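Descriptive analysis of the structure
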Amino acid sequence: MDLAFFSGALLFLFLATLHYLLYLVYQNPVVPRVARYALYLAFVCQTLFFSTRLVKGGMPFGTNMYESLVFFSWCIVLSYLLVTVRYRVPVIGAFVMPIALILSTAAAFLPQKGIEDIPPALKSYWLPIHVTLCFMGDALFAMAFGAAIMYLIQEKNLKRKKPGALYYSLPSLEVLDTVSYRALTIGFPFLTLGIITGSIWAQYAWGSYWQWDPKETWSLITWLIYAALLHARLTVGWRGRKAAWFAIVGFLAVLFTFLGVNLILSGLHSYN
Amino acid sequence: MDILIVGLSHKTAPVAVREKIAFEGETMGDGLKTLLEYPHIAEALIVSTCNRVEIYGTAVRKEVEGAREDIASFLSTFHDVSRRDIDPHLYSLSGDEAVKHIFRVTASLDSMMVGEPQILGQVKDAYTCAAQAQATGNILNRLLHKAFSVAKRIRTETRIATSAVSISFAAVELARKIFGELDGKTVMLIGAGEMAELAARHLLNNGVEHIIVANRTYDRAVSLAEEFGGSAIHFDDLEQQMELADIVISSTGAPTTIIGKKMVQGVIKRRRHRPMFFIDIAVPRDIEAAVNEVENVYAYDIDDLEGVVQANIKAREKEAAKAEEIVHQEVAQFRDWMSTREAFPTIVKLREWAEDIRKSELEKTLRKLNGLEDADRKRIEAMTEAILNKILHRPIAQVKRASHSKRGGGDLVEIMRKLFELDD
């Protein structure tokens, strides 16, 4: 049952992404509406996916790579839906939804789709709290990343003084910079709390708050990048291009912390 | 009944000819009344703008040729111009071509400046006038309403009218792409000049709230500031005041540049890197080209703006191709409506005729049958209905199908009327 919901989510996510990309070319107002409804359905399917797994028993997220990928994708969809309530710029979907789609598609190719038994030491309410906080933070950073890329494209259009690709479809620099900044200011506390709860949980499970395992180290690096960016924005009034590049670098660090560490390095956080 | 257009436009006639046969508010009503008195004209509508004079009409009994001649001679006699003067410039279209033309005109695809917004209003006014004069009937009503909805569809589904095609509007649009909403923004106007003032005015009309005016002669600055409802500053305070401005329009007669990269770097720092937009309308230029290299600063000179306008025009042309596709679809739909409209009364008549036979025969038979249960009676009735529907289904489907085809169902409808003697 849960796998059927997963397939449904994947299908609707694909439809939504396709329509967001189409909207870059076709201004037809029906296109983003179709995209949004497809996204609602994708979100419902994903939510049902986790609900059925929860009912089946066990912690449904974060116990293996498959669930983590789907959960990250769910968080991205959720944060996109939330951010676009405030900022009605569906074009952002064209830059953020592909990330969610790639994550979900990657999950589809993973052989292990079952519910894992987790070591008894890790069975705790801290697991869902820690995982949700981290992934919601990461999802908001994905939003900041998408807006930053759009900013760089639009800023290049304006600097070159030739309305090039996407000049007409992309929103104003002001909106893009604000969305990127807002996503950051909301995402950062999530990541901070995610790291803190992780370390409390580590104290319970392993008897130590911090062990410099690769995941922990890279989370800290990510946190420092975003902290520096927020600091520069607040104190020196950093904005625009520099801030956009920083948001992109920050998200690359997020991806490495999430995927790179698991694939290349090994440690306490790596799944079997 | 067939739709036709006779008229001339900026594409076929010089203004000297167009103005001779133009209609104004008062002459329009008289014109429509006179036109309807011609023998082949069933419905009529006059569109008269500075770029075109066109008469849309429907011909009585499909006599398009006669109607065409009627309109041409109406134009000549009503305006007292000789046929020789106008005939070479007149074009005439009928059927699908006419429908397509009306859709294209209303959607501003046939305009001198493709996508300009006025034409839709002008056609709407012309329609209101004709409807009030009771010069339009079923077909033109339907056609014009369709034309308005096609125009709206094109406006929402393509970007045909969204980009600026004049320099001063291009400046407003660029400002929007940088700042988003312009509410609460401040513009600084340095020097004076028609185009600079026009750009400033457009900005103020689009949300910009404050204007600061600087001029070499302070009195000139004061009077201009008064005109705009802004404040005047001394030319020496320019650099110091510049940090207040989000948008700077410069148009002085200075022989060398007055705003340099260094100066702007200082200003932007004092503004805490909030973006700035410089518009240089002066020739020779007031603003160093290198100003554009400063982070969060966008500096456009007159050539840059012209370049943006050219790109916008190209983009509009691309969008026009999408719009033509929409017109194409809608013309086909309208053709369907027109042909079904022809076939429909015949189909209804055939049904009525057959239904009458069924009812009377049924009654005769039922009267002779005694002791029937109610249920049996209903069953027999249902059977006669089924037989009728099954037999009629094929001819009706054929006529409908033919009427949606390119050639139309006219011939088949004619045959059907003859075969079943449906004409009274």
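Every residue gets a number counted from 1 within its own chain, in the order that chain's sequence is written. Written order determines the labels here, with chains lettered from A and ligands numbered from 1. Where totals are concerned, whole chains, interfaces and linings use all residues; where local detail is concerned, this predicted model gives features only for residues with pLDDT of at least 70, and gives and counts side-chain atom pairs only at 80 or more. The side-chain numbers reported here are obtained from all heavy atoms of the structure, hydrogens and water having been left aside.

Note on contacts: a residue pair is in contact if any heavy atoms of the two residues lie within 4.5 Å. Counting residues at the interface gives 33 residues for chain B, matched by 31 residues for chain A. Buried area is a sum: the accessible area each of two parts loses on coming together, probed at 1.4 Å, counted once for each and added. Roughly 2,600 Å² is buried in total at the junction of chain B and chain A, and carbon and sulfur atoms are behind 46% of that figure. We define a salt bridge as a side-chain nitrogen of Lys or Arg found within 4 Å of a carboxyl oxygen belonging to Asp or Glu. Scanning the region where chain B abuts chain A turns up two salt bridges. In this structure, A:K161 engages B:D304 in a salt bridge whose closest nitrogen and oxygen atoms are separated by 2.8 Å. Polar contacts, as used here, are pairs of N or O atoms within 3.5 Å; protein pairs need one atom able to donate a hydrogen and one able to accept it. Residues neighboring in sequence count only if both atoms are side-chain atoms. Remark: the boundary between chain B and chain A carries 20 residue pairs in polar contact (both at pLDDT 80 or more). Elements supplying a minimum of two residues to the side of chain B that touches chain A: α7 (138–157), α8 (167–179), β10 (297–301) and α13 (302–368) of chain B. We count a stretch as a helix when DSSP gives it H or I for four or more residues in a row; a strand needs E for two or more, and each element gets its number in order from the N terminus.

Below, the discussion takes up the sheet that holds strand β7 (residues 231–234) of chain B. Residues and elements named next belong to chain B. Across the sheet, six strands lie side by side as β7-β6-β5-β8-β9-β10; this open sheet has parallel pairing. The sheet is open, and its two edges are formed by β7 and β10, each paired on a single side. Within this sheet the neighbouring strands show an average axis-to-axis angle of 20 degrees, counted without direction. Any two strands are treated as partners once DSSP identifies two or more bridges connecting them. Here five bridges tie strand β5 (residues 186–191) to strand β8 (residues 247–251), and the two strands are oriented parallel to one another. Paired with L189 across the strands is I249, a residue of β8. To get an axis, a line is fitted to the C-alpha atoms, and for a helix only the part in contact is used. The angle between two axes follows their N-to-C directions and goes from 0 to 180 degrees.

Here we come to the domain arrangement of chain B. Each assigned domain of chain B is listed here: domain 1 (2–157), domain 2 (180–302) and domain 3 (341–419). Just the C-alpha atoms count here: the centres of domain 1 of chain B and domain 2 of chain B sit 47 Å apart. Here the bounds of each domain stem from an automatic or database domain assignment.

Core analysis: the biggest nonpolar cluster contains 115 residues, and A:L39, A:I76, A:F251, B:L203, B:I247, B:I249 and B:F277 have the highest contact counts within it. If one sorts the elements of this core by residue count, helix α5 (residues 126–160) of chain A sits on top with 17 residues. Setting aside anything within four residues of it in sequence, one finds A:L39 in contact with A:L13, A:A16, A:Y20, A:V77, A:Y80, A:L81 and A:M97. Membership of the second largest hydrophobic core comes to 62 residues, among which are B:A44, B:Y56, B:A98 and B:L144. Residues enter a nonpolar core if they are buried and are Ala, Val, Leu, Ile, Met, Phe, Trp, Tyr or Cys, with the set joined through side-chain atoms within 4.5 Å. For each residue, the accessible area found with a 1.4 Å probe, counting protein chains only, is set against the maximum for its type, and the residue is called buried under 20%, exposed over 50%, and partly exposed in between.

All names here are of chain B. Taken as a whole and assessed by the stated rule, the structure comprises 32 salt bridges over all chains. A salt bridge links R153 to E330; the nearest nitrogen and oxygen atoms lie 2.8 Å apart. Taken together, the residues span a long stretch of sequence, with R153 in helix α7 and E330 in helix α13 at a distance of 177 residues. R153 gets classed as partly exposed once you look at its relative accessible area, which sits at 24%.

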